[in-house]
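Reading the structure
One-letter residues, chain by chain:
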Amino acid sequence: MTTPVTIPQDLWDEDDKTGSIVVWLYKDGAEVKEGDLIAEVLVEKVTLELLAPASGTLRIKVQPEVVVNKGDEVAVIE
Amino acid sequence: MQLTAEQRKGLLRTMALSRAFDDAMIALYWEGKLPIFQFGAGPLPGELHCSNGAEPVGAGICAALGPDDMITADHRPHHVAVARGVDLDRMAAELLGKKPGLSQGKGGHMHIYDPSVNFASSGIIAEGMAVAAGMALARRLQKRPGVAVAFIGEGAANQGAFHEVCNMVGLWKLPVIVVVQDNEWGVSTAKSESTAVERNADRAAGYAMAGEWVGTNDPDDIHAAAARAVARARAGEGGTILEVKTARLTGHFMGDQQAYIPEQMKQVDPIPPYREKLIREGVLTADEADAIEAEAKARMARAMAFAKAAPYPEPAEAFDHVFAGEAA
Amino acid sequence: MSRILTMSRAGREALDWEMERRPEIFCLGEDVFKFGGIFGTMDGFGAKYGPERVISTPISETGFIGMAAGAAMAGMHPVVDLAYIDFIGVCYNVLLNCASKTHYMSGGSVKVPMTLLIGTGGGYNNAAQHSQCLHATVAHIPGAKVVYPSNAYDAKGMLHTALRDENFVIFLTHKGTAGVGWMGTPIKTTLSEVPDEPYTVPFGKVKVYREGRDVTITGLGMSVHESLKAAEELEKEGISAEVVDLRSLVPLDREGIIASVAKTGRLIVTDEDYLSYGVSGEVITTVTERDPGLFRRPPVRVTTPDIPIPFSRPMEQAILPLAGRIAEAARKLMA
Ligand SMILES: Cc1ncc(C[n+]2csc(CCOP(=O)(O)OP(=O)(O)O)c2C)c(N)n1
Ligand SMILES: [Mg+2]
């Protein structure tokens, strides 16, 4: 079973703003646990936290410094 | 000293121009910095502290000053600079780091200098306190007229320099006016979290200075208090701590989310009420007020066009101006 | 377990771990309760530890940094956030005459264990009063330890060390290396795998980021990362550069510097602080005093010149010790 890691709709307020991944805290293929902080997301000057929605193996799909929108799938957890 | 109708229109004009300046800079700020934030990118790089909400202080105080008087401002200098008549084109160019800027691109927005109107500013909190007092001392030694005005924030009134300088101003009866712009916040720290007394104007008693407190963020009231302070200073009666309850509408700096500001502490824009007041009192019509605001925006658009079109300094110019008296 | 962390997050882990266990540690500084300090080292600590241990101060640096020294003398270990090093100007007496010298002047009878966190550096157009490095200005003071990690692993380990030190430690971080959002996306070489568990990194040991044969490039804070960029370029051209992070100015690992130069015979000292009377001169003198014969070619300094930091981008970019200037210096040295 795979769980998509998406940018939550409520990670930041304004719908028209975009963000970017600042850093993945785990390497592609690492084991993560549900609730772990797995990435930092930057919106304007503010750093936000992305948590793992499930436990399993992290497969990163979007690298840092790429624009992301709310709802974007940035990784999956297998 | 009562203000004439013409002078009050002038206050509105000054505030509108200052607002147009900041709004134009805010509109430009994120250009090149997004979508992936980069502090040093875009046409307006670095930090930017805007004056939106504080325009009445610049307008009201500067209207009470004459050409001999001297001003120091802080990291939030635009409203004071505009009110003092600092060259708008060259100030805009300075913010963009351009060669025709006031400081040829050396200073940026916190370091605005225009000696032609006796204006200086600094990004170090409360630095301008002593500098203003020193300017006043110089005029006394030179036997020339001139009142010095230090514009600071309520946060700066807790800096050592504030207290040391106020004591000397009181001791030596120097013609210095300390304008404490109480916008409630020093970054995220509320005045009540930083300041032992409710009003900095009350601190004047401890330094043998006069205290004035203006609670309205209305340029008429601010001007009236400033006029009293200036009259005392010119008469040799010494200095004043003049505190104004003002506003900081666009956060500490660009990108400040202001999540620390509770709903009930949201501040009011002082320009529309003043405009309404002038209309109500028959000083001008709504059309005239609109025209003033349109003129301000048009003037700022010209300044911005000038700044954008201007060239950058050459990299090697970084080495010029370290010392006076050396050929650039 | 380990994670890949920014310096900001790594430092926070160290402080959090120590604060959980040691009631004598408390935080002090402007806006630290709500904003968690300039690098977020105290992010969330207001909620976790409360306003008694995470104290937002007025803008009164002489007052609260002096109070930190006093609290340290009275048995606490304050952690003070001074935001930008440019602000030492308004509180320098505490650094210069009090926190640094009390232990000595008291004949060792009074200790001042405190950690002063300060951000340094420019490169993002914040002009002459908010872009300085000034590390030499504080490293010159006898009695103050001065450390300067440049990556997340060291940030955590060195902060643990600082918090367990019995002395006044000035803990510097270049703003551009910290990995805080307001400085943009972090530089990759500042990120490291950081263990969950606490660990210490000793002061006074250089870190060799990459080994090389031809030229030693020493760096500090941001200039480490510019040196690494330059070394990558140079490698493509067949020049093998060794990049050495000083990472601790007081104590300084003189043997570590000498050992590298003994191997390569060539030295470039990079430093974002001003050229004269500073770290770059100290590093070169360290080698020269041991044996000038270690230099196959005269050493070179790539630093910020002795001018205030200009605001405008073309001027600032030209005066910083960036990779291009460093690589150019290496090419000349190899020619
Ligand atoms: C000596 C010094 N300490 C700290 C700072 C950082 N700083 C810049 S603005 C500011 C808040 C100033 O508050 P206030 O004086 O009320 O002015 P406001 O920003 O509200 O206009 C602080 C702490 C500084 N520039 N200089
Ligand atoms: Mg304020």
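Residue numbering note: each chain is counted from 1, following its sequence as written. All chains are assigned letters beginning at A, and all ligands numbers beginning at 1, according to the order in which they are written. Per-residue local features are limited, in this predicted model, to residues with pLDDT of at least 70; the limit for side-chain atom pairs, both in listing and counting, is 80 or more; totals at the level of whole chains, interfaces and linings are taken over all residues. Side-chain numbers come from the whole structure's heavy atoms, not from hydrogens or water.

Once that is clear, we can look at the overall build of chain B. Only DSSP runs of H or I covering at least 4 residues are called helices, and only runs of E covering at least 2 are called strands; the numbering of each starts at the N terminus. Regarding its fold elements, chain B presents ten helices and eight strands. Rg of the C-alpha trace for chain B: 19 Å, near the compact-globule value of 20 Å for 328 residues, within the 12% margin. Seen along its three principal axes, the alpha-carbon backbone of chain B occupies a region of about 55 × 50 × 40 Å. Expressed as a percentage of the 328 residues in chain B, the buried residues total 59%. Here the contacts in chain B between residues at least 6 apart in sequence split such that 73% fall between residues at least 24 apart. Radius of gyration means the value over C-alpha atoms here, while the globule rule gives 2.2 Å times the residue count to the 0.38 power. Categorising residues by exposure relies on relative accessible area from a 1.4 Å probe, with only protein chains included: less than 20% of the type maximum marks a residue as buried, more than 50% marks it as exposed, and the intermediate range marks it as partly exposed. Contact criterion: two residues are considered in contact whenever any of their non-hydrogen atoms come within 4.5 Å of each other.

Before going further, it helps to examine the interface of chain C and chain A. With 17 residues of chain C in contact, the opposing surface of chain A contributes 14 residues. In short, buried area is how much 1.4 Å probe accessible area vanishes from two parts on joining, totalled over both. With both chains or domains summed, chain C and chain A bury close to 1,200 Å², and 56% of this area falls on carbon and sulfur atoms. By the criterion of area lost to chain A, the three top residues of chain C are C:Ile4, C:Arg9 and C:Thr185, representing 43% of everything that side buries. We count a salt bridge whenever a side-chain nitrogen from Lys or Arg sits within 4 Å of a carboxyl oxygen from Asp or Glu. Connecting chain C to chain A are three salt bridges. Put simply, C:Arg9 and A:Glu49 hold a salt bridge, and the shortest N to O gap is 3.1 Å. It is strand β1 (residues 2-5) of chain C that contributes the most residues to the side of chain C that touches chain A, four residues altogether.

Another aspect to go through is the coordination of the magnesium ion (ligand 2). Residues and elements named next belong to chain B. Only Glu154 (OE), Asn183 (OD1) and Trp185 (O) from the protein reach the magnesium ion (ligand 2) as donors, at distances of 2.0 to 2.2 Å. The sequence pattern describing where the donors of the magnesium ion (ligand 2) fall on their chain is E-x28-N-x1-W. With Glu154 in the loop between β3 (148-153) and α6 (160-172) and Trp185 in strand β5 (residues 185-186), this residue pair connects regions lying 31 residues apart in the sequence. A relative accessible area of 1% means that Glu154 is categorised as buried. Note on Trp185: relative accessible area 5%, which makes it buried. For Na, K and Ca the donor cutoff is 3.2 Å, while for all other metals N, O and S atoms count as donors only within 2.8 Å; water does not appear among the atoms, so some sites may look incomplete.

The next subject is the domain arrangement of chain C. All names here are of chain C. In terms of domain boundaries, chain C breaks down into domain 1 (2-195) and domain 2 (207-334). The C-alpha centroid of domain 2 is placed 26 Å from the C-alpha centroid of domain 1. Each partner contributes to the interface: domain 1 provides 30 residues, whereas domain 2 provides 29 residues. It is Asn125, His135 and Tyr148 that lose the most area in domain 1 upon contact with domain 2, and together they represent 23% of the buried surface on that side. Scanning the region where domain 1 abuts domain 2 turns up two salt bridges. In this structure, Lys207 engages Asp154 in a salt bridge whose closest nitrogen and oxygen atoms are separated by 3.6 Å. Polar contact criterion, stated in full: a pair of N or O atoms within 3.5 Å, where within protein one must be able to donate a hydrogen and the other to accept it, and residues adjacent in sequence count only if both atoms are side-chain atoms. Run the count over domain 1 and domain 2 and you get 20 residue pairs in polar contact (both at pLDDT 80 or more). Note that domain bounds follow an automatic or database assignment of domains.

The next subject is a nonpolar patch on the surface. Residues enter patches when they are more than 30% accessible in relative terms and free of salt bridges; like-charged ones are connected within 9 Å and nonpolar ones (Val, Leu, Ile, Met, Phe, Trp, Tyr) within 5 Å. Residue exposure ignores everything except the shown protein chains as possible cover, and the areas themselves are Shrake-Rupley values with a 1.4 Å probe. On the surface, a nonpolar cluster with roughly 310 Å² of combined accessible area is contributed by B:Met168, B:Leu171 and B:Trp172. Mapped onto the elements, B:Leu171 comes out in helix α6.

Listed by partner, the interface residues are 47 residues for chain B and 36 residues for chain C. Together chain B and chain C conceal approximately 3,100 Å² of surface at their shared face, both sides included; 61% is due to carbon and sulfur atoms. Where C:Lys34 meets B:Glu193, a salt bridge forms, and the shortest distance between an N and an O atom there is 3.0 Å. Sorting the residues of the side of chain B that touches chain C by element identifies α4 (88-95), β5, β6 (189-190) and α7 (191-194) of chain B as the ones contributing at least two each. Of the residues contributing to the side of chain B that touches chain C, the split by class is 21 nonpolar, 18 polar and eight charged. Residues are grouped as follows: Ala, Val, Leu, Ile, Met, Phe, Trp, Tyr, Cys and Pro are nonpolar; Asp, Glu, Lys and Arg are charged; every other residue, Gly included, is polar.

Our focus in this paragraph is the site of ligand 1. Nearness is judged by heavy atoms alone; a residue qualifies as near a molecule or strand once a single heavy atom is within 4 Å of it. As a matter of local geometry, ligand 1 sits amid 21 residues, with B:His75, B:Arg76, B:Asn183, B:Trp185 and C:Glu61 nearest to it. The environment of ligand 1 is shared, with nearby residues belonging to chains B and C. In this structure, an oxygen atom belonging to ligand 1 sits 2.7 Å away from a side-chain N or O atom of B:His75. Within the backbone of B:Ile125, a nitrogen or oxygen atom sits 3.1 Å from a nitrogen atom of ligand 1. When ligand 1 sits alone it has 580 Å² of accessible area, and the protein chains cover 94% of it.

All names here are of chain B. Only the stretch in contact is used when a helix axis is fitted, and all axes are lines through C-alpha atoms; the angle between N-to-C directions ranges over 0 to 180 degrees. In contact at an axis separation of 9 Å, helix α9 (residues 271-280) and helix α10 (residues 286-309) are set at 140° when each is read in the N-to-C sense. Note that α9 runs across α10; the crossing there is right-handed. Residues Ile271, Arg275 and Ile279 of α9 touch α10, and the partners they reach there are Ala286, Ala289, Asp290 and Glu293. Counted by class, the contact of α9 with α10 contains four nonpolar, no polar and three charged residues. The sense of a crossing depends on the near helix, which, turned anticlockwise from the far helix by less than a right angle, makes the crossing left-handed and, turned clockwise, makes it right-handed.

All names here are of chain C. Strands pair, by our definition, only if DSSP identifies at least two bridges between them. Ordered in space as β3-β2-β4-β5-β7-β6-β12, the seven strands form an open sheet in which the pairing is mixed. The outermost strands of the open sheet, each flanked by one partner alone, are β3 (54-56) and β12 (248-250). For this sheet the average axis-to-axis angle between neighbouring strands, irrespective of direction, equals 20°. Examined bridge by bridge, strand β2 (residues 25-29) and β3 share three bridges and lie parallel to one another. Across the sheet, Cys27 pairs through a bridge with Val54, a residue of β3.

In this section: the pattern of salt bridges. Should the charged atoms of two oppositely charged side chains come close, the side chains can pair. All names here are of chain B. Summed over all chains, the structure comprises 54 salt bridges over all chains. Where Asp220 meets Lys277, a salt bridge forms, and the shortest distance between an N and an O atom there is 2.9 Å. Separated by 57 residues along the polypeptide, Asp220 in helix α8 (residues 219-234) and Lys277 in helix α9 bring together distant segments of the chain. Comparing Asp220 with Lys277, the two get one shared label, buried. Ionic contacts of the salt-bridge type, sharing partners, join the residues Arg8, Asp218, Asp220, Lys277 and Glu281 into one network.

A word on α4(B). Residues and elements named next belong to chain B. By the criterion of burial, α4 is predominantly enclosed, with seven of the eight residues buried. Of the positions making up α4, those classed as buried are Leu88, Asp89, Met91, Ala92, Ala93, Glu94 and Leu95. Buried residues in α4 make contact with α1 (5-29), α3 (78-84) and α10. With a side-chain oxygen positioned 3.1 Å from the backbone nitrogen of Asp89, the residue opening α4 is Asp87. Directly after α4, the chain includes Gly97, whose backbone phi takes a positive value near 75°.

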